[in-house]
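Next come the chains, spelled out residue by residue.
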Amino acid sequence: MSEHVYLGCHLSCAKGFLHMGKEAVSIGADTFQFFTRNPRGSRAKEIKEKDVEAYLAYAAEHGIGTIVAHAPYTLNPCSADEHTREFARMTMEDDLRRMEYLPGNVYNFHPGSHVGQGIERGIELIADMLNEILKPDQHTTVLLETMSGKGSEVGSRFEELAAILARVELSEHMGVCLDTCHVYDAGYDIVGNLDQVLDEFDRVIGLDRLRAVHVNDSKNPFASHKDRHEKIGQGALGFDALYRVVHHPRLSHLPFCLETPNELPGYAEEIRMLRGV
Ligand code: FE
Ligand code: FE
Ligand code: ZN
């Protein structure tokens, strides 16, 4: 087994793309995730073309693969409140416009919480928003993240994600990001039955839709619907199960990003462990 695995972690976007690229390389990463703006969803810094240009050259030189942009997690595209939905739409539309400076990468978002309107209505509102913001000629794939199902979250069942995708017209620009903590909390046993879960994903959504993975352990037990990330090997999933995910032949071509409670040295250690070196 000598396949190359693209592994990285969530990094702060405060100092720009070149800085993130250098930080990634310094911890043995060759992908990374970043928030497109501060998680509260306020104004984004304007993209600096010089920074992006320098980053792209640096990334090519150091073999950095596909990177993962993450929308502010406070957005709710399926809120009951029209202004909240409109804010999500405007923010994501602006993020996608800015992502065009970095063509060929992915943009991940949390589908949202239906807050009592029902899963069906939630699915409808999320798909409506996507149909408004996706453009035929865009160069970014937009990813729905698998959720743990806390509160009224949409997207903790593969069927819900498939239902959103089925309603999106430009669905060739859509994919899914699988979060190991979230799916385990949601009741998919990737510790005991990884192959069965991947078969189910393939049957319901299609594995070709899977474009990125968040690698996290969980502070809570199987099917707890909680969503609290833990360091690799210190939670309910354990190191062996997460190692099997990263090196699974059906997954190992994807970018893997850690979102564990760590600073850079902790991430460096987890990347080293998960590479198996
Ligand atoms: Fe997320
Ligand atoms: Fe995640
Ligand atoms: Zn989470």
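Residues numbered from 1 in each chain as written. Chains lettered and ligands numbered in written order. Predicted model: local features only at pLDDT ≥ 70, side-chain atom pairs only at ≥ 80, totals over all residues. Heavy atoms only, no water.

**Remarks on the coordination of the iron ion (ligand 1)**
Those protein atoms acting as donors to the iron ion (ligand 1) are His70 (NE2), His110 (NE2) and Glu145 (OE), and they sit at 2.1 to 2.2 Å. Taken in sequence order, the residues that donate to the iron ion (ligand 1) follow the motif H-x39-H-x34-E. Look at His70 and you get buried, because its relative accessible area is 2%. (Donors = N, O, S within 2.8 Å, 3.2 Å for Na, K, Ca; no water. Buried < 20%, exposed > 50% of the residue type's maximum accessible area, 1.4 Å probe, protein only.)

**Comments concerning the pattern of salt bridges**
Note on pairing: side chains with opposite charge can pair once their charged atoms come close. Within the structure shown, the criterion is met by 17 salt bridges. Note that Asp227 and Lys150 form a salt bridge whose closest N and O atoms lie 3.2 Å from each other. You can see Asp227 sitting in the loop between β8 (217–218) and β9 (229–230) and its partner Lys150 sitting in the loop between β5 (141–145) and α5 (158–167), a full 77 residues away along the chain. The class of Lys150 is partly exposed, set by a relative accessible area of 34%. (Salt bridge = Lys/Arg side-chain N within 4 Å of Asp/Glu carboxyl O. Helix = DSSP H or I, 4+ residues; strand = E, 2+ residues; numbered from the N terminus.)

**Things to note about the coordination of the iron ion (ligand 2)**
At 2.1 to 2.3 Å from the iron ion (ligand 2) lie its protein donor atoms, namely Glu145 (OE), Asp179 (OD), His214 (ND1) and Glu259 (OE). Note that the iron ion (ligand 2) binds four donor atoms; their angles at the metal cover 85 to 172°, and the shape is irregular. We note that the donor set of the iron ion (ligand 2) lies within a single chain, spaced as E-x33-D-x34-H-x44-E. Here the iron ion (ligand 2) and the iron ion (ligand 1) are spaced 3.3 Å apart, linked through Glu145, which binds each one. Here the residue Glu145 occupies a position in strand β5, and Asp179 occupies one in strand β6 (residues 174–179), the gap between them amounting to 34 residues. Per residue, the accessibility class of Glu145 equals that of Asp179, and both read buried. (Tetrahedral: all angles 85-135°; square planar, octahedral: opposite > 155°, others 65-115°.)

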